[in-house]
Amino acid sequence: DCTKGDMEHDYYTHMSFSECRRVADSFIRYGACGADTRLVATHFSHNCNMIYDELTTAAQKYGFTAAYDGMTVEI
């Protein structure tokens, strides 16, 4: 869930890229995924006021790929 995109504010029912990064780091720390696991952020909202190119750039700062409609990921 990355509804807030790269915004930080006191809306605690959805997450931002930095919050997603913290969750991913805890997954790595507890062995739920590895440091080389591909991380894909999804569930963006128009409220974060970012177009896809902006989401992609922000996602990369945090080690994520920004998902898009119709995207498939091979696991």
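Residues numbered from 1 in each chain as written. Predicted model: local features only at pLDDT ≥ 70, side-chain atom pairs only at ≥ 80, totals over all residues. Heavy atoms only, no water.

**Brief notes about unusual backbone geometry**
With phi around 60°, His 43 is a residue other than glycine that occupies positive phi space. With respect to the secondary-structure elements, His 43 resides in the loop between strand E1 (39-41) and helix H2 (52-61). The backbone of Asn 49 shows a phi angle near 55°, a positive value even though the residue is not glycine. Inspection of the secondary structure assignment puts Asn 49 in the loop between E1 and H2. By relative accessible area, which is 64% here, Asn 49 ends up exposed. (Helix = DSSP H or I, 4+ residues; strand = E, 2+ residues; numbered from the N terminus. Buried < 20%, exposed > 50% of the residue type's maximum accessible area, 1.4 Å probe, protein only.)

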